[in-house]
Amino acid sequence: MAVVLGIESSCDETAAALVDGERRIIAQRIASQDDAHRPYGGVVPEIAARAHSERIAPLVAAVLDDAGMTLADVDAIAATAGPGLIGGVMVGLVTAKALAMASDKPLIAVNHLEGHALSPRLADAAVQFPYLLLLVSGGHCQVLRVEGVGQYRRLATTIDDALGEAFDKTAKILGLGFPGGPAVERLAREGNPKAVPLPRPLLGSAEPHFSFAGLKSAVLRAKQAGVHADADIAAAFQKAALDCVMDRTRRALAGSVGVTALVVAGGVAANQTIRSGLEGLAAEFGLPFVAPPLALCTDNAAMIAWAGQERLALGNFAPDPLDIAARPRWPLDPEAAPVRGAGVKA
Ligand code: KG4
Ligand code: ZN
């Protein structure tokens, strides 16, 4: 059975994993760089690229060692080729190219977003195409109709900030440090979501898209007013974000015919409040709700290896050329019409 080595380095996680065709994660390691970026309150691209280049080779060796394998036991090498911080993407992709060349194994250049999009199928063999996917991470907030491997139709995206970005900025405003999403979620548990009135941008709007910039600004004003407990601001922010996500996803579901499930993926899918809200929404439409286990929601290499497996399993599989370029931007649905204000999001 085919074994794919996956490599991920598009943001601040250096990761390698071995995944087989029966969804077994044979070995995986993730080296977080949180400590390196914490003093700056966010990911510093140059620091990330250097850290990836220091860690990647020993990490790949360690994963092979954990599995008791060598490159000779691997059938293909999959690496994130974008979108992401270009210095880091180049480190992972160049490493994969070198390994592919040295071992004469096929290279599979994976779109990081495709890794997230297909991760539910790694976790659960029952997830069948087509499904409606809410992809919520630090850089992206999209609703996609996943028709098949390589077939993605974007139904909605953010016109300004991504959802994870809104969590991270809220954390920064509240002085919760980095990374922000889990810290906001923890603090929100102690707060009253009704104590601070916050806007819900685009709620009920006829257009399908998301917007979080106005919510983030309102969080800043609430903090500056100096009259609210931080926990109340965190809880109110999380509730407002949830209401927006539910409203926009409900709109997409109402217009979707024939989908088999509502699936959430990406780092923000680790948020329990968002997960349970979406679970209720799926039930409203009589659909199963699928969310990968937490460790598969945030950036990891198992999802990249799995995307490689999905590509290998296609009848028309062809390896990517060794001169394929790393891409800072790489939309999953190149046909999607641009939206107002969204020039900076893939
Ligand atoms: O998918 P991911 O690991 O990296 C990207 O591709 O962006 O997502 C990271 C994002 C960050 O913005 C982080 O704050 C957010 O996911 N995140 C969360 C939680 N865990 C991670 N947001 C809210 N609640 C969480 N528990
Ligand atoms: Zn990601």
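Structure: above.
Computed from a predicted structure; not experimentally measured. (Residues numbered from 1 in each chain as written. Chains lettered and ligands numbered in written order. Predicted model: local features only at pLDDT ≥ 70, side-chain atom pairs only at ≥ 80, totals over all residues. Heavy atoms only, no water.)

A. A look at the coordination of the zinc ion (ligand 2). At the metal site, the zinc ion (ligand 2) is ligated by His-112 (NE2), His-116 (NE2) and Asp-299 (OD), and these contacts range over 2.0 to 2.2 Å. Read in sequence order, the donor residues coordinating the zinc ion (ligand 2) give the pattern H-x3-H-x182-D. Of the two residues, His-112 and His-116 are both situated in helix H4 (residues 112-123); the distance of 4 residues between them amounts to about one turn of the helix. Accessibility expressed as a relative area gives 7% for His-112, which makes it buried. You can call His-116 buried: its relative accessible area is 1%. (Donors = N, O, S within 2.8 Å, 3.2 Å for Na, K, Ca; no water. Helix = DSSP H or I, 4+ residues; strand = E, 2+ residues; numbered from the N terminus. Buried < 20%, exposed > 50% of the residue type's maximum accessible area, 1.4 Å probe, protein only.)

B. Broad picture of the side chain of His-37. Along the polypeptide, His-37 turns up in helix H1 (residues 34-37). Overall, the relative accessible area of 0% leaves His-37 in the buried class. With near-sequence residues (within four places) excluded, His-37 lies in contact with Asp-12, Gly-42, Val-43, Val-44, Ile-47, Ala-48 and Phe-178. (Contact = heavy atoms within 4.5 Å.)

C. Broad picture of helix H3 (residues 86-103). Here H3 contains 18 residues, and its C-alpha end-to-end distance of 25 Å stays within 8% of the 26 Å for a straight helix at 1.5 Å per residue. Within H3, burial applies to Gly-88, Val-89, Val-91, Gly-92, Leu-93, Thr-95, Ala-96, Lys-97, Leu-99, Ala-100 and Ser-103. Tucked into the core, H3 has its buried residues touching strand E1 (3-8), helix H2 (45-67), strand E4 (76-82) and strand E5 (107-111). Directly after H3, the chain includes Asp-104, whose backbone phi takes a positive value near 55 degrees. (Expected span 1.5 Å × (residues − 1).)

D. Seen up close, the nonpolar core. Grouped together as the largest cluster of nonpolar side chains are 49 residues, with contacts concentrated most on Leu-134, Leu-163, Leu-198, Phe-212, Phe-237 and Leu-278. Secondary structure elements with two or more residues in this core: strand E6 (131-136), strand E7 (141-148), helix H5 (163-173), helix H6 (180-188), helix H7 (213-225), helix H8 (230-254), strand E9 (262-265) and helix H9 (272-284). Setting aside anything within four residues of it in sequence, one finds Leu-134 in contact with Gln-142, Val-143, Phe-210, Val-245, Thr-249, Val-263, Val-264, Ala-265 and Leu-278. Ranked by size, the runner-up nonpolar core spans 33 residues in total, among them Ala-15, Ala-76, Ile-304 and Ala-307. (Core = buried A, V, L, I, M, F, W, Y, C linked by side-chain atoms within 4.5 Å.)

E. Region of interest: the site of ligand 1. The immediate surroundings of ligand 1 are formed by 19 residues, with Gly-138, Asp-168, Gly-181, Glu-185 and Asp-299 found nearest. Contacts to ligand 1 include His-116, whose side-chain N or O atom sits 3.2 Å from an oxygen atom. Look at ligand 1: alone it shows 550 Å² of surface, and the protein chains cover 89% of it. A breakdown of the residues in the shell around ligand 1 according to their chemical character gives 5 nonpolar, 11 polar and 3 charged. (Near = heavy atom within 4 Å. Polar contact = N/O pair within 3.5 Å; in protein donor to acceptor, adjacent residues only side chain to side chain. Areas by Shrake-Rupley, 256 points an atom, 1.4 Å probe, with all protein chains shown as cover. Nonpolar A, V, L, I, M, F, W, Y, C, P; charged D, E, K, R; others polar.)

All we've got here are geometric facts, nothing functional implied.
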